[in-house]
Structures are given as structure tokens and as C-alpha cells.
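These are the residues of each chain, in order.
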Amino acid sequence: MIAQNIQIIKKKISEAAQKAERQPQDIKLVAVSKHFSADSIREAFAAGQIIFGENYIQEVQTKKELVPAEAVFHFIGHLQSNKAKIAAETCDMIETLDSFKLGKALNSQLENLNKSLDILIQINIANDPQKSGVTANDAEKLLIEINELTRLRVCGLMTMPPLVANPELSRLHFRNLRILAEKFASKNLFPHVSTPELSMGMSDDFHIAIEEGATIIRVGTAIFGHRP
Ligand SMILES: *Cc1c(COP(=O)(O)O)cnc(C)c1O
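Residues numbered from 1 in each chain as written. Predicted model: local features only at pLDDT ≥ 70, side-chain atom pairs only at ≥ 80, totals over all residues. Heavy atoms only, no water.

*Asks:* Where do I start with the overall build of the protein in this structure?
*Replies:* Secondary structure summary: the protein contains nine helices and nine strands in total. The C-alpha atoms of the protein give 17 Å as radius of gyration, which agrees with the globular expectation for 228 residues (17 Å, within 12%). Based on the C-alpha atoms only, the size of the protein along its principal axes is roughly 45 × 40 × 35 Å. Here the protein, with 228 residues, has 50% of them falling under the buried criterion. At a minimum sequence separation of 6, the contacts of the protein that also span at least 24 residues come to 59%. Summed over all atoms, the accessible surface of the protein reaches about 10900 Å², with 50% contributed by carbon and sulfur. (Helix = DSSP H or I, 4+ residues; strand = E, 2+ residues; numbered from the N terminus. Rg over C-alpha atoms; globule rule 2.2 N^0.38 Å. Buried < 20%, exposed > 50% of the residue type's maximum accessible area, 1.4 Å probe, protein only. Contact = heavy atoms within 4.5 Å. Areas by Shrake-Rupley, 256 points an atom, 1.4 Å probe, with all protein chains shown as cover.)

*Asks:* Whenever I open this one, the packing of helix α6 (residues 136–146) against helix α7 (residues 171–186) confuses me. Can you help?
*Replies:* How two helices pack is summed up by the angle between their axes together with the distance between the axes. Closest axis-to-axis distance for the α6/α7 pair is 11 Å, and the angle between their directions is 30 degrees. The angle between the axes of α6 and α7 places the two elements in the roughly parallel class. Crossing hand, α6 versus α7: right-handed. For the pair α6 and α7, contact is made by A136, A139, E140 and L143 and by L180, K183 and F184, respectively. For the contact of α6 with α7, the class distribution of residues is five nonpolar, no polar and two charged. (Axes fitted to C-alpha atoms, helices over the stretch in contact; angles between N-to-C directions. Parallel < 35°, antiparallel > 145°, perpendicular 65-115°, else oblique. Left-handed = near helix turned anticlockwise from the far one by under 90°. Nonpolar A, V, L, I, M, F, W, Y, C, P; charged D, E, K, R; others polar.)

*Asks:* I would appreciate a short explanation of the site of the ligand in the present structure.
*Replies:* Surveying the vicinity of the ligand reveals 13 residues, the closest of which are K34, S203, G220, T221 and R227. Taking T221, its side chain carries an N or O atom lying 2.5 Å from an oxygen atom of the ligand. R227 is positioned such that a nitrogen or oxygen atom in its side chain is 2.8 Å from an oxygen atom of the ligand. When isolated, the ligand has an accessible area of 390 Å², and the protein chains bury 92% of it. Looking at the shell around the ligand residue by residue, the class counts come to six nonpolar, four polar and three charged. (Near = heavy atom within 4 Å. Polar contact = N/O pair within 3.5 Å; in protein donor to acceptor, adjacent residues only side chain to side chain.)

*Asks:* Just checking my understanding: could you explain the side chain of N107 for this structure?
*Replies:* With respect to the helices, strands and loops of the structure, N107 is situated in helix α5 (residues 100–113). With sequence-adjacent residues up to four places away left out, N107 is seen in contact with L149, T150, R151 and L152.

*Asks:* Just to check I follow, could you spell out unusual backbone geometry for this structure?
*Replies:* One can expect most non-glycine residues to show negative phi and most peptide bonds to be in trans. Backbone geometry at H35 places phi at a positive 70 degrees, although glycine is not the residue there. Its location among the elements puts H35 in the loop between β1 (28–32) and α2 (38–46). On the basis of relative accessible area, H35 is assigned to the partly exposed category, the value being 38%. One non-glycine residue, N188, lies in positive phi territory at about 60 degrees. Structurally, N188 is set in the loop between α7 and β8 (197–199).

Here's what the structure looks like:
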């Protein structure tokens, strides 16, 4: 079932990429395994899936022990500074950095571990009071500050637009994230990458996000089914 779902998603990624005249290999699939067991991750891994997305740091910690070492974890939830140590130890990318305080906490843990970590800045693209993330207006200041933290490699932006019934309504938010990333890239605020990553699009709207430039899509339900 999981293997079949992954094949279906990959086909849809190719179709959306083709429509946008992009290369499917420029789009990374993050399989969002939050609330699913390590068994589900192993099943997806056996089907060729490498990157997994988790919202709770304790889940990363437990599951990482139980899955192949080659599996890669992106943290996509709200990270508290007191969890920075475990995050620095277990995650391959933090997609949801949205404050200098958290950045400093991560950076000092990474100093201790003597390693660097890829991160994305989470943008609250629609100024939705329900959502975390820095506003588009405050993002440039945060990026400048975070770029001073030598252990953090800022690779791009991530967003989660407001929930809507019609995924077409998210298109403008996706487009705005891309425009914002292009602006920051032109100011050399992503010094570690040649083109910034754009993490946007989930089960219901990833095809639209790809048309608008997504390089990372985060898909849970369409791979693993409804969350337990
Ligand atoms: C849960 C979650 C997803 C996956 O959502 P689906 O609709 O199940 O594909 C993607 N991104 C974030 C940040 C999430 O919390």
C-alpha cells in the first residue's frame, strides 16, 4: 500500500514538473511519518523513500533507533529551544526555524557536537495568527541574524499556508514564498546554496506548489493514509 502510494505520488510529481517545464529530480519528497510507526517508515524506506518528516522531536528520537541508518529526518514541527540538543543530534534538517532564540540554542548545541545543520526559515506567508513562522516583513532581519550563526546553513524557506478547501487558493501563497526567496537570494542571504530550497505543498496541494517552484514537498496522508 505505502509502496504503491509512493509510486503514485512520484508520477504526480513528474506530471506537475512537466507542466511547469521543470525537472522531477529537482523536487525532493519528504514522507511525513508523524504519528506512524517505525514499521511504516521501514516499509516506505524499502520502497526507496529516504527523507521522512516528523513534528515531534521525541518521535524522531525513538524512530531513528528502529529504522535504517540511511533514513534522513527533516523536522517540520514547532521546535522548542529546550529540545535543541536532541534536534541537533537526530535531525538532518530543521525546516521550521522561526526565531533567533531557537537559532542560538541550536547553534550552541551544534558547537558542542562539532557539526553543522541545514535549516529552512519558516515563513508565515499569509500572516495567519494560527500559524507559527516569521512574517515576510520580519524574515530579512531574522535571516541576517541567523547567517551570523556559523553552525547553521540556511538553505531556503518553508511555509504552510492556511487550510483551505480548494487547493487553488494556496497558489498565491506559494508564489509569494518563491518571490520572497528570490529577493533574499538576490541579497546573498542564502550563501550556502546556489538556488534556495522552497519547502511547500502537502498531500492536497503539492501539484500546485510544484508549479509555483517547490523544491521540497511534504506529503503525509497521501503516502501513509489517515493519521492514527
Ligand atoms: C502533517 C504535516 C504535513 C503533511 O500533511 P498531509 O496533508 O498529511 O500531507 C506537511 N507539513 C507539515 C508542516 C505538517 O505538519
